[in-house]
Amino acid sequence: MDPVVILTLVAAIVVVFLVASTVRIVPQARRYNIERFGRYRRTLQPGLNLVVPVADRINTKLDVREQVYSSDPRPVITEDNLVVNIDTVLYYQITDPRAAAYEVADYLQAIDQLTVTTLRNVIGSMDLEETLTSREEINSRLRAVLDDATGKWGIRVNRVEIKAIDPPHTIKEAMEKQMRAERDKRAAILHAEGERQAKILTAEGTKQKDILEAQGTQQAMILRADGEAKAVELVFQAVHRNNADPKILAYKYLETLPHLASSDNNTFWVIPGELTEAVRTVTRAFGDQSTAGPPRTARPEEAATAGADDTSHEGRTPELDAGWTVSLDAATAADEAEKQAAAAVSDAKAEAEAAKSPQTPRRGRTSGG
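Keep in mind the model is a prediction, meaning the values are calculated, not measured. (Residues numbered from 1 in each chain as written. Predicted model: local features only at pLDDT ≥ 70, side-chain atom pairs only at ≥ 80, totals over all residues. Heavy atoms only, no water.)

## Description of the overall build of the chain
Then, number 1: In terms of helices and strands, the chain carries ten helices and nine strands.
Then, number 2: Across the 369 residues of the chain, 24% fall into the buried class.
Then, number 3: The long-range share in the chain, meaning contacts at least 24 apart out of those at least 6 apart in sequence, stands at 64%.
Then, number 4: Accessible surface, the chain: about 25,900 Å² in total, of which carbon and sulfur atoms supply 56%. (Helix = DSSP H or I, 4+ residues; strand = E, 2+ residues; numbered from the N terminus. Buried < 20%, exposed > 50% of the residue type's maximum accessible area, 1.4 Å probe, protein only. Contact = heavy atoms within 4.5 Å. Areas by Shrake-Rupley, 256 points an atom, 1.4 Å probe, with all protein chains shown as cover.)

Set out below in structure tokens:
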């Protein structure tokens, strides 16, 4: 082969290599640190960049986006001498690529160790209960310490979160028992409150029921008394308006005697003391009819005298003469009325006893004694 051609090919290859070494393309959100003969020269920005071949070289390639770093669980001792395992999550971002590459050898390891030491200092001043309930305070104190320490490394700590706090197994069992006791206590309190409210509502309902029943009974008694009063008043007015004969009143009195024992619950009977007077009235009435002869025509003088008497005694019920002599027929009528009254009372007693004991045969009612 011709030497000229070989030299031409070698020169072309060298030119292509130099051009490729001169051009550097940096992706978005990336930063490249350039060193010239081992010394920091500059940081390449995203896009097309030109460097000196052979003299310049890329030392570190950094990602300036916000990144997440999760640490492993680390044992931490609380103020009450309990060992808990705590793991954290760190959100950070590189703000100065040169400082991140030359101010610290390994910024992730440095941040991890700084997080552990700061966490032990913070948790060491808290007991277990305060540690479990003060996560926001712990996060704030960790972020303040890390942000102050990592500022010179070209790193900004945006957020620090405690991912988990694991107390010892025995402490977990004690906490579970405590929570179970608290829940049982709340359940017992709620149950007692429910029973109390139920009893109160039941008592209120019973009270309202008794009040309404008493009011209903009161109104019924009032209405019943008004009805009886009006009935008695109507009967009284009818008797006085019609000017009833004493014979009719005495007969109705004797007629109501059998009803004294008509109730099934009666165990004894009271015979009123006016029975003899009623019988005597009937006797006088029948005696008056038996002794009186055929009607005779009244004389004018007697008619005038009777008219004057009727005028002077208007509105009064005529009464029988107390000194009137009972004839033999009147005595017989009185005996007959007394026998009928006694028979009526006996029949009433027999009917009441038969109603109480169905095996006992009822006695037929006798008429005429």
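## With respect to a negative patch on the surface
Then, number 1: On the surface, E79, D80, E129 and E130 cluster together into a negatively charged patch.
Then, number 2: Considering the arrangement of structural elements, one finds D80 in the loop between strand 7 (74-77) and strand 8 (83-94). (Patch = residues over 30% accessible without salt bridge, like charges linked within 9 Å, V, L, I, M, F, W, Y side chains within 5 Å. Salt bridge = Lys/Arg side-chain N within 4 Å of Asp/Glu carboxyl O. Lys, Arg positive; Asp, Glu negative; His and termini not counted. Charge placed at Lys NZ, Arg CZ, Asp CG, Glu CD.)

## Here's the deal with the confidence of the model for the chain
A low pLDDT means the predicted coordinates there should not be read in detail.
Then, number 1: The predicted model of the chain has a mean per-residue pLDDT of 75, with 66% of residues at 70 or higher.
Then, number 2: In the model, residues 359-369 has pLDDT below 50 throughout and makes eleven contacts with residues more than four positions away in sequence or in other chains. (pLDDT = per-residue confidence, 0-100.)

## Notes on the nonpolar core
Then, number 1: In this structure, I86, L90, L119, I138 and I155 are the most contacted members of the largest nonpolar core, which totals 29 residues.
Then, number 2: The set of elements that each furnish at least two residues to this core consists of strand 8, helix 3 (107-123), helix 5 (135-150) and strand 9 (155-166).
Then, number 3: When residues of this core are assigned to their parent elements, the largest contribution, seven residues, is made by helix 3.
Then, number 4: Every residue in contact with L90, bar those within four places of it in the chain, is listed here: Q67, V68, Y69, I111, L146, V157, R159 and V160. (Core = buried A, V, L, I, M, F, W, Y, C linked by side-chain atoms within 4.5 Å.)

## Overview of a positive patch on the surface
Then, number 1: A cluster of like positive charges, contributed by K177, R180, R183 and R186, occupies part of the molecular surface.
Then, number 2: With respect to the element layout, R186 can be found in helix 6 (residues 169-242).

## Things to note about the side chain of T118
Then, number 1: Structurally, T118 is set in helix 3.
Then, number 2: Side-chain polar atoms of T118 contact the backbone oxygen of L114, separated by 2.8 Å.
Then, number 3: Discounting residues that sit within four places of it in the chain, T118 has contacts with L142 and V145. (Polar contact = N/O pair within 3.5 Å; in protein donor to acceptor, adjacent residues only side chain to side chain.)

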